[in-house]
Amino acid sequence: MKLLQIKMYRRINYIAAILVLVCGLGAQAQVTTSSPYSRFGLGNIKGSLLPQFRAMGGISTAINSVTGFNNINMQNPASYSAVTLTTIDVGMSAGLTSLSRNNLTETSFNSTFSHLAFAVPVSRRSALSFGILPYSDLGYTYRNTVKIDTTNVDQLYEGEGGLSKAYIGYGYRIGDHLRIGANAEYIFGNLLTTRATEYASAGAINAKLQNKNSVGGLNYSYGIQYDFNIGKKTSMTLGYSGSNSGKLNSTQTFYATQYSRDANGNENTALDTLSSVDNGKSNLTLPLTHNFGISIKQSDKWLIGADFRMSKWAATSINNINSGLQDSWGASLGGQWTPDATSYNSYMKRVDYRLGFSYDKTYIQINNQDIKQMGASLGFGFPLPSANAGSAFYKINFTTEVGQRGTLNNNLVKEQYINFHLGFTLNDTWFRKYRVD
C-alpha cells in the first residue's frame, strides 16, 4: 500500500514539475497579438477552446466525449459530467499574421501560453474542472497621416495587454441523457492604450492620451446537454451554453500630456500634464452570450457537429461609456474521425483526424463596413503509449488554423493568419482508493 502511494506521489510531482516548466516557458515567450482590430472592445476574444475543439472549427456546445478519451470542454460546463478519469490539459499557441492595406504588407509572429486545465470526477455522475486561459489579447501599433491646412499631422495608436480567465466549474448528469453545469470565472488583466498627435517639424508641441484599465471581477457561464440514441451505435447530442452580462471592476489611470521630440526623433520628457486620473473606480460590462450546438457521433469512430453563437456586444461599456460595438454572430461546422481506436498493428489508425470551418460577423464595424472573419482548421490527436498497466493515457493534440479577417475595401486592413495550437492531454486514475488483497 505504501509503495503504491509513493509511486502516485512521485508521478504527481513529476507531472507538476513539467507543467510548471511549460507554463514558465510560455510566460517568458508570451508576446501580445499584432492586430489593429484588437483596438476595439476588449481586444481579440480568444474563446474557451482547447486545440482538439479548435481543430473542428470550434464546435463544442454539444460535445462531451468523442472516442472515449476524456477531454475538458469548458465552453459548455455540462460536459464535465462525462469526465471519468482525472484529466490534465496544458498547451501553447503561436501565430503568423500578415496585414495588408493598399500596397503595404507587414508580417509578424507571436507565441503564448494558451491554457492549463484540470478535471476530476467527483462521483459516477459528476466532475469538477478548474484552470486558467486567455480571455482576450490587445496588441497593435499603427499610424495615420492627415493634413491640417498645409501641415502633415501623424496620428499614432498603440495598445498592449489583455485579459485572462481563471475558472472553476461543476457538471452533473441527471438520469441517462440530461447534463447540466456551470462555471464561476474570475476575469482579470490590464488594457493599456495610447493615442498621440504629432507634427512633422522638430520641436513641435505634440499631445498624447494614455489610458490604462486594470480589470478584475467575477462572471458566470452555464450549459445544458441532452443526448439520445438514433441508432445501435449512433447518438445525437443537443447543447446550449451561455454567459451572463456581468460587470467587472476597473481601476483607471489616465494621463493627457504634451511633449516634443528632439532632432533625432526621440521623445523628450513630458512638458506638461494637462489632465490626470489616478486609481479612478469604474466598471466594464461583458456581453450576454448564447451558443447552440448539435452533434452526431458513432462511439469510438466519428463525430460531426455544428454550432451557432451570438453575443450582445452593442450593450458593452468600458468606464460607463458605450464602446460603439455591434452585436456579433457566427457559425462553425466540423468533425473528427478515428479509423480504429483499438488497432494494435497500425498507429495511424489510432490517430484522430479533425477538420472544421468557421464564419463570424464580428462586433466591429468601420466606415459602415462589417468586419467579418472566416477560417478553416485541420488537426490531429496523436495517442502516446499508455502507462501504469493501462490505467494512464496520453495524447498530443496539434491544430492548424488558416483564415482572414477584414477587407481591403474602404481603405481598411485585411488580416490573414496561420495559427498553431499544441496541447498535451493526460487521462489517469488519480485519487482512487487502492486495495491490497
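Conventions we followed
- Residues numbered from 1 in each chain as written.
- Predicted model: local features only at pLDDT ≥ 70, side-chain atom pairs only at ≥ 80, totals over all residues.
- Heavy atoms only, no water.
- Helix = DSSP H or I, 4+ residues; strand = E, 2+ residues; numbered from the N terminus.
- Buried < 20%, exposed > 50% of the residue type's maximum accessible area, 1.4 Å probe, protein only.
- Areas by Shrake-Rupley, 256 points an atom, 1.4 Å probe, with all protein chains shown as cover.
- Phe/Tyr/Trp six-rings, centres within 6.5 Å; stacked < 30°, edge-to-face > 60°.
- Polar contact = N/O pair within 3.5 Å; in protein donor to acceptor, adjacent residues only side chain to side chain.
- Contact = heavy atoms within 4.5 Å.
- Pairing = 2+ DSSP bridges.
- Salt bridge = Lys/Arg side-chain N within 4 Å of Asp/Glu carboxyl O.
- Core = buried A, V, L, I, M, F, W, Y, C linked by side-chain atoms within 4.5 Å.

This next bit is on the overall build of the chain. Of the regular secondary structure elements, the chain holds 3 helices and 19 strands. A total of 437 residues make up the chain; the buried ones form 48% of that total. Of the roughly 21,500 Å² of accessible surface on the chain, 57% is carried by carbon and sulfur atoms.

Time to look at the packing of aromatic side chains. Scanning the model with the defined rule gives 14 aromatic pairs in all. Look at Trp329 and Tyr359: their rings are 5.8 Å apart centre to centre, the planes differ by 45°, and that puts the pair in the tilted class. Here Trp329 is found in strand 15 (residues 328-337), whereas its partner Tyr359 is found in strand 16 (residues 352-366), with 30 residues between them in sequence. Under the relative-accessibility criterion, Trp329 is labelled partly exposed at 35%. Exposure remark for Tyr359: the relative accessible area of 27% places this residue in the partly exposed category. Look at Phe398 and Phe420: their rings are 6.4 Å apart centre to centre, the planes differ by 20°, and that puts the pair in the stacked class. Highlighted residues: Phe398 in strand 18 (residues 392-406) and Phe420 in strand 19 (residues 414-428), separated in sequence by 22 residues. Relative accessible area serves as the criterion here: at 29%, Phe398 is assigned to the partly exposed category. Overall, the relative accessible area of 32% leaves Phe420 in the partly exposed class. Here the aromatic cluster, defined as three or more aromatic residues joined through ring pairs, consists of Trp337, Tyr353, Phe380 and Phe382.

Turning next to the side chain of Ser377. Among the secondary structure elements, Ser377 is positioned in strand 17 (residues 369-387). Among the polar contacts listed, one links the side chain of Ser377 to the backbone oxygen of Arg54, at a separation of 3.0 Å. Polar contacts involving the side chain of Ser377 include one to the main-chain carbonyl oxygen of Ala55, which spans 3.0 Å. Those residues in contact with Ser377 that sit more than four places away from it in its chain are Arg54, Ala55, Met56, Gly57, Arg354, Leu355, Gly356, Thr400 and Glu401.

As a further point, take unusual backbone geometry. Of note in the backbone geometry, Asp300 takes a positive phi value of approximately 60° without being a glycine. Mapped onto the secondary structure, Asp300 falls in the loop between strand 11 (289-298) and strand 12 (302-311). Even without being a glycine, Asn411 presents a positive backbone phi close to 60°. Turning to its location among the elements, Asn411 is positioned in the loop between strand 18 and strand 19.

Here strand 6 (residues 178-199) pairs with strand 7 (residues 206-229) via 20 bridges, running antiparallel. Paired with Tyr186 across the two strands is Leu218, which belongs to strand 7. Two elements, strand 7 and strand 9 (residues 247-259), share 11 bridges in a ladder whose sense is antiparallel. Among the inter-strand pairings, Lys208 is bridged to a residue of strand 9, identified as Thr257. Bridge count for strand 7 against strand 8 (residues 234-243) is 9 bridges, and the pairing is antiparallel. When the bridges of strand 8 are listed, Ile224 appears paired with Tyr240. Here strand 7 folds back onto strand 8, and the loop between the two strands holds 4 residues.

Looking now at the pattern of salt bridges. In this structure the tally under the stated criterion is 11 salt bridges. Taking the shortest distance from any N to any O, the salt bridge between Asp327 and Lys312 comes out at 3.9 Å. Of the two residues, Asp327 is situated in the loop between strand 14 (321-322) and strand 15 and Lys312 in the loop between strand 12 and strand 13 (317-318); the sequence distance between them amounts to 15 residues. Asp327 sits in the partly exposed class, given a relative accessible area of 30%.

Before going further, it helps to spend a moment on the nonpolar core. Within the largest apolar cluster, 23 residues are counted, with the highest numbers of intra-cluster contacts made by Tyr37, Leu42, Leu163, Leu284 and Leu286. Elements that contribute at least two residues to this core include exactly strand 4 (126-148), strand 5 (151-174), strand 6 and strand 16. Those residues within four positions of Leu286 in sequence are excluded, and the remaining contacts are Leu42, Tyr135, Ile187, Asn219, Ser245, Gly246, Leu248 and Thr316. Counting residues in each nonpolar core, the second largest holds 17 residues, with Leu49, Val83, Ala119 and Leu133 among its members.

With respect to the helices and strands, the residue Glu267 is situated in the loop between strand 9 and strand 10 (272-285). With a relative accessible area of 38%, Glu267 lands in the partly exposed category. Setting aside residues up to four positions removed in sequence, Glu267 forms contacts with Lys208, Tyr259, Ser260 and Arg261.

Turning our attention to the pairing of strand 4. Examined bridge by bridge, strand 1 (residues 44-45) and strand 4 share 2 bridges and lie antiparallel to one another. The residue bridging Asn44 from the neighbouring strand is Asp137, located in strand 4. Relative to strand 4, strand 3 (residues 104-123) runs antiparallel, the two being bridged by 7 bridges. Paired with Val120 across the bridge in strand 4 is Leu128. Where strand 3 folds back onto strand 4 in an antiparallel hairpin, the turn is made up of 2 residues. Judged from the 22 bridges that link them, strand 4 and strand 5 form a sheet pairing that is antiparallel. Counted as the bridge partner of Ser136 is Leu163 from strand 5.

So yeah, pure geometry; function would need other evidence.
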